[in-house]
Structure formats: structure tokens, C-alpha cells
Amino acid sequence: MRLVMMAAAAVFATSTAYAQTYPDKPVHVIVPFTPGSATDVVARTVAQALSIRLGQPFVVENRPGAGGMIGAGIVAKAAPDGYTLLVHSSGHTVNPSIYPTLTYDTAKDFVGVSLLAQQPNILVVAPSKGWKTAGDLVKAAKAEPGKLTYASAGAGSGTHMNAEKFRVSAGIDTVHIPYKGTPEAMTDTMNGRVDYFFAPVIAALPMVRDNRLTALAVGSAKRASVLPDVPSTEEAGYPGSAYNFWVGMLAPAGTPSAIVERLNKEVAAALASPEVKERLGALGADTAPMAAVDFDKMIAQELKDNAELVKQAGITVQ
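Computed from a prediction, not measured in an experiment: that's the story for all the values here. (Residues numbered from 1 in each chain as written. Predicted model: local features only at pLDDT ≥ 70, side-chain atom pairs only at ≥ 80, totals over all residues. Heavy atoms only, no water.)

Caption draft 1: Here's a closer look at the side chain of Thr174. As for its placement among the helices and strands, Thr174 is situated in the loop between helix H6 (158-170) and strand E7 (175-178). In terms of polar contacts, Thr174 uses its side chain to reach the side chain of Tyr196, at 2.9 Å. Apart from residues no more than four positions distant in its own chain, Thr174 is found in contact with Ala141, Leu148, Tyr150, Arg167 and Tyr196. (Helix = DSSP H or I, 4+ residues; strand = E, 2+ residues; numbered from the N terminus. Polar contact = N/O pair within 3.5 Å; in protein donor to acceptor, adjacent residues only side chain to side chain. Contact = heavy atoms within 4.5 Å.)

Quick look at the structure:
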């Protein structure tokens, strides 16, 4: 027993010493969505702050596709040494319920580092559609079932799940058009090629302010501070339609706890900095640091909740 305790103490001491010198080379931050997406903007903002704080580059790499599954798969197979990290969205906890053969185990192949930010999605349409409220859209959808289309940043993404919750609550029959990421989905929404999109506020806000998109409602439980005159979908009369869209940082399972704790501490400090809070706040996102163990618990609960939502909405991937 004494030998076991001595060995454990030695491992802990080595891990702690490693964490004190970490990082001593560039850190790769995988974002499983396209550049300019909400997840990408949060990741780059935090990565820049971490680079300054820790004296090593935190290099963001975009690996989009399959609702974030491709990028997540890369991180799941990476060495658990703290030098390959994942910044994903709430869609991370949806994929196991809609993809029959993931290349990784969401519950077992990752460890949470920290929640980074929370932000609402905005129900947006092209001004040419002529709709001014969520009710206008619902009326049009019910007049021609199966005709209206809605975009997402990929099957299982937060933008998709928000749209599904709204569709179920409103009782409408509309067609899902998945894209590789938010920018592409938003472009086709602005051009009227798809009828509506629950776009992350970070990405949609400039287009709404420039009148290139019309904001009908906010997809969260409360209004967005940057769009105070736009009601939530629940205020508009669609109970149960609110969705919690978040962005968080994860590491491969097996990453030393001392490294995870170091990253968690540095992320919290970065999110507390006036520069980061101001930049993300101006875009409608709220910084949301969280203890690693609490982030893991949140993910575990969302895996269960989203499995129920996928079943209720009848979501499948073609």
C-alpha cells in the first residue's frame, strides 16, 4: 500500500510539474465549423487571449463538416497532452443521437475544460419575404405545409436544434437544409434561397443592423440585450421553443488533470478580461466560465435531454 501511495504521489508531482511548464510549444485549437461561425469567433477571441497570457500561440484550425463530427473526431484521437483542444458548440451533445456511427464516444473520449460563452440564436429571414413576426412565418408555413425551408449550420448543430424546438412548438411542417457552417447558411437566407434560419447572434447581428436580414424573434428564453425590441419565441406564443446555445472547450480524455485545471484557470481569467468581455458582449454573447467538473456534468445532462428531443422531433440524418 505504501508503494502504491508513493507511486501515486510521484505521478501527481510529475503531472503538477508538467502543468507548471505548460505550454512550451504551440497549442492547436480545433473548431469543427467554418471560419466566421459563432463558435469560430468565440474560439479565436479566447485563443488570442490565451496566447498572450501563456506566451505560446493558440492556433485555431477549422475542420468543418457533419455538424462538428469531423473536427471532434480529430481531437478524440489526439494525444492527451494539452496541445490539441476542441472548441465546440451545444451541438456536441446532439450528435450521438442523430449519427448512428460516430468515430468517437462523446461521453468517454473528451474531458471538459470550461464553458466559454452562451448566446441566443436569432430567427432571421430575408427582408424580401415580407414577414415581420414569428407569427407571420408560422402562418405562411401552415398555409403550405412542407414548402418552407430552414437552414442550419449542420445536422445536429445548435442552429438546427433551435429550429426543431420551434418547429415542434409551432406545429409546422418545414424542410431542413443543412450547411457546412453558419456563414453559408446565412448567405442563402439573405438571398432568399432558404426561408429562415436560427442564426447565432454573433453572426447575425451585423446583417440585422444593416437591414440585410429581418429578426423575427430570439430563440432563447429571454430577449437579447443587443436586440431589446425583438421578442423571444416563447414571448411570441411558442412555449418550449427556447434553446440554450453554448460554446465550450474540451480536451481528449486522459489529459492530465493538472493541465485541465491550468487551462480552466487561464480560460476563466481570459473570459474575465475587459477586452474579451467587451468584444463578445458587443456581439451579444455572454462569457460563461465554469469549473471543468461542472462542465462535464452539464454535458452529461444535455446528452440525455437532447436524446429525448431528437426522438420527439423525429430528427434523422439523410
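Resuming the write-up.
Caption draft 2: Molecular detail of the sheet that holds strand E8 (residues 196-200). Read from one edge to the other, the open sheet built from five strands follows the order E7-E6-E8-E5-E9, with strand pairing classed as mixed. Where the open sheet ends on each side, the last strands, each with one partner, are E7 and strand E9 (214-218). Adjacent strand axes in the sheet meet at a mean angle of 30°, parallel and antiparallel pairs treated alike. As judged from the four bridges shared by strand E5 (residues 121-125) and E9, these two strands associate in the antiparallel manner. Note on E9: the bridge partner recorded for Leu123 is Ala217. The sheet contacts of helix H7 (residues 182-190) involve E5, strand E6 (149-152) and E8, and relative to E8 the element is tilted by about 140°. (Pairing = 2+ DSSP bridges. Axes fitted to C-alpha atoms, helices over the stretch in contact; angles between N-to-C directions.)

Caption draft 3: Focus on the layout of surface pockets. A volume near 240 Å³ is recorded for the largest pocket. Lining the largest pocket are 14 residues, and of these Gln119, Pro120, Ser220, Lys222 and Asp286 sit closest to its centre. (1 Å grid on protein atoms, 1.4 Å probe; cavity = no way out; pocket = protein on both sides within 12 Å on 5 of 7 lines; lining within 4 Å. Points joined across faces, edges and corners; volume = space filled by probe spheres on them.)

Caption draft 4: Representation of helix H2 (residues 38-54) in the model. Look at H2: 24 Å from first C-alpha to last across 17 residues, which is about the 24 Å you get at 1.5 Å a residue. Within H2, burial applies to Ala38, Thr39, Asp40, Val41, Val42, Ala43, Thr45, Val46, Ala47, Ala49, Leu50 and Leu54. (Expected span 1.5 Å × (residues − 1). Buried < 20%, exposed > 50% of the residue type's maximum accessible area, 1.4 Å probe, protein only.)

Caption draft 5: Fine view of the pairing of E7. Where E6 lies against E7, four bridges are found, and the strand directions are parallel. For Tyr150, the partnering residue across the bridge sits in E7 and is His176.

Caption draft 6: Layout of empty space enclosed by the protein. Throughout the structure, instances matching the rule amount to one cavity of 30 Å³ or more. By volume, the largest cavity is sized at about 70 Å³. Phe33, Ser37, Ala38, Thr39, Ser89, Ala153, Ser157, Gly158, Thr159, Thr182, Pro200 and Phe245 are the residues that line the largest cavity. At the level of elements, H2 and H6 are the ones that each hand at least two residues to the lining of the largest cavity. Considered class by class, the residues forming the lining of the largest cavity number five nonpolar, seven polar and no charged. (Nonpolar A, V, L, I, M, F, W, Y, C, P; charged D, E, K, R; others polar.)

Caption draft 7: Layout of the pattern of salt bridges. Going through the model one piece at a time under the given rule, you end up with ten salt bridges. Note that Arg63 and Glu61 form a salt bridge whose closest N and O atoms lie 3.6 Å from each other. When the shortest N-O distance is used, the salt bridge between Glu164 and Arg167 registers 2.8 Å. On the criterion of helical spacing, the pair formed by Glu164 and Arg167 is a turn pair, its members being three residues apart in helix H6. For the residue pair Glu164 and Arg167, the accessibility class agrees, reading buried in each case. Salt bridges sharing partners connect three or more residues here, namely Arg53, Arg262 and Glu266. (Salt bridge = Lys/Arg side-chain N within 4 Å of Asp/Glu carboxyl O.)

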